[in-house]
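Residues per chain, in single letters:
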Amino acid sequence: MHVRMQRELRMLTREPPHGICAWPKDGEMNVIEAQIKGPEDTPFEGGVWKLNVSVPERYPFEPPKVQFVTPIYHPNIDSGGRICLDTLKMPPKGSWRPSVNLSTLLTTIRLLIAKPNADDGLMPDITNLYKTNPRKFAETARRLTKLHAKPKIAEPASEASQHVSATSAVPPRPVEIVNTTANSQSTPSSRASAQESKEESEEESEESEEEWDESEEEEAESEEELQEDGSSEAPPAKRKKLNTT
């Protein structure tokens, strides 16, 4: 079984049937995932259906079990994804043969989608509608195909939404504004106070200079009186100082 499955999987990869692709699920050869595109010129056109294929140990002497994962409105496929198809049944009720491979089996299922078998219907209501009112059946199948089996294509975001997302993703950093004029410029009252302080300091400086000049004049007058009198009563230190000069 493993040798045959490897060969069939290589064939499905290299030369897949039209509208069909399949691959092992999680690397297991006994579980296959497949996709079938809706046949052209049918109500199922444009749809894509996903299927699970379980391969038994006795394969190819026992047919695989195939089940639709994506819902489909079809007379021979029920709401649980089970398929009413002779090729999936063992004789004498079915027509399975060991010569049938996975590629042929999936192609047969795609042909069943395009041409339902009203004589072996699995869904009585859908089968009856398909027989009695084919137009309404086609309208319903087309609508449900669009609802369940149409590939979802993400719409591009508008420029406005992109701008909003871009600006909201990173909040702007607050800008700190330093008021340099507050320190460099003073108010009129402060300027007036500074001027008054400056004038007071100048006045005090002038008064100190005047006092200093008066003290120097007094000292000079005292020295002149001593020299004129030539008095011997002057203190020794003072006479010694006068004699050295």
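The preceding data block contains the structure.
Calculation notes
Residues numbered from 1 in each chain as written. Predicted model: local features only at pLDDT ≥ 70, side-chain atom pairs only at ≥ 80, totals over all residues. Heavy atoms only, no water. Helix = DSSP H or I, 4+ residues; strand = E, 2+ residues; numbered from the N terminus. Contact = heavy atoms within 4.5 Å. Polar contact = N/O pair within 3.5 Å; in protein donor to acceptor, adjacent residues only side chain to side chain. Pairing = 2+ DSSP bridges. Axes fitted to C-alpha atoms, helices over the stretch in contact; angles between N-to-C directions. Buried < 20%, exposed > 50% of the residue type's maximum accessible area, 1.4 Å probe, protein only. 1 Å grid on protein atoms, 1.4 Å probe; cavity = no way out; pocket = protein on both sides within 12 Å on 5 of 7 lines; lining within 4 Å. Points joined across faces, edges and corners; volume = space filled by probe spheres on them. Nonpolar A, V, L, I, M, F, W, Y, C, P; charged D, E, K, R; others polar.

Colleague: Give a detailed account of the environment of Thr108, specifying residues and quantitative values.
Modeller: Mapped onto the fold, Thr108 is located in helix α2 (residues 102-114). On a C-alpha basis, the gap between Thr108 and Leu85 in space is 8.9 Å, while along the polypeptide they are 23 residues apart. Each residue touching Thr108, except ones within four places of it in the same chain, is listed here: Leu85 and Thr87. Only 2.8 Å separates the side chain of Thr108 from the backbone oxygen of Thr104, close enough to count as a polar contact.

Colleague: Describe the sheet that holds strand β4 (residues 65-68), listing the residues and the values that go with them.
Modeller: Spatial ordering of the open sheet is given by β1-β2-β3-β4, a layout of four strands whose pairing is antiparallel. At either end of the open sheet lies a strand with only one pairing partner, and these are β1 (20-25) and β4. Between one strand axis and the next, the sheet turns by 25 degrees as a mean value, whatever way the strands run. Note: β1 against strand β2 (residues 28-37), six bridges, orientation antiparallel. Across the sheet, residue Trp23 finds its bridge partner in β2, namely Glu33. Contacts between helix α1 (residues 2-14) and the sheet are confined to β1 and β2, with β2 contributing the most and set at about 30 degrees to the helix.

Colleague: Any details on the pairing of strand β3 (residues 48-54)? Residues and values, ideally.
Modeller: Residue alternation in β3 divides its side chains into a buried set, Trp49, Leu51 and Val53, and an unburied set, Val48, Lys50, Asn52 and Ser54. Two elements, β2 and β3, share seven bridges in a ladder whose sense is antiparallel. By the bridge assignment, Gln35 is partnered in β3 with Lys50. Taken together, the four bridges between β3 and β4 define a ladder with antiparallel strand orientation. Following the sheet pairing, Asn52 is matched in β4 by Gln67.

Colleague: Describe the layout of surface pockets, and please don't skip the residues or the numbers.
Modeller: Volume-wise, the largest pocket comes out at about 250 Å³. Looking at the largest pocket, it is lined by 14 residues, and the ones nearest its centre are Pro64, Lys65, Val66, Ile83 and Leu88. Class assignment for the residues of the lining of the largest pocket results in eight nonpolar, one polar and five charged.

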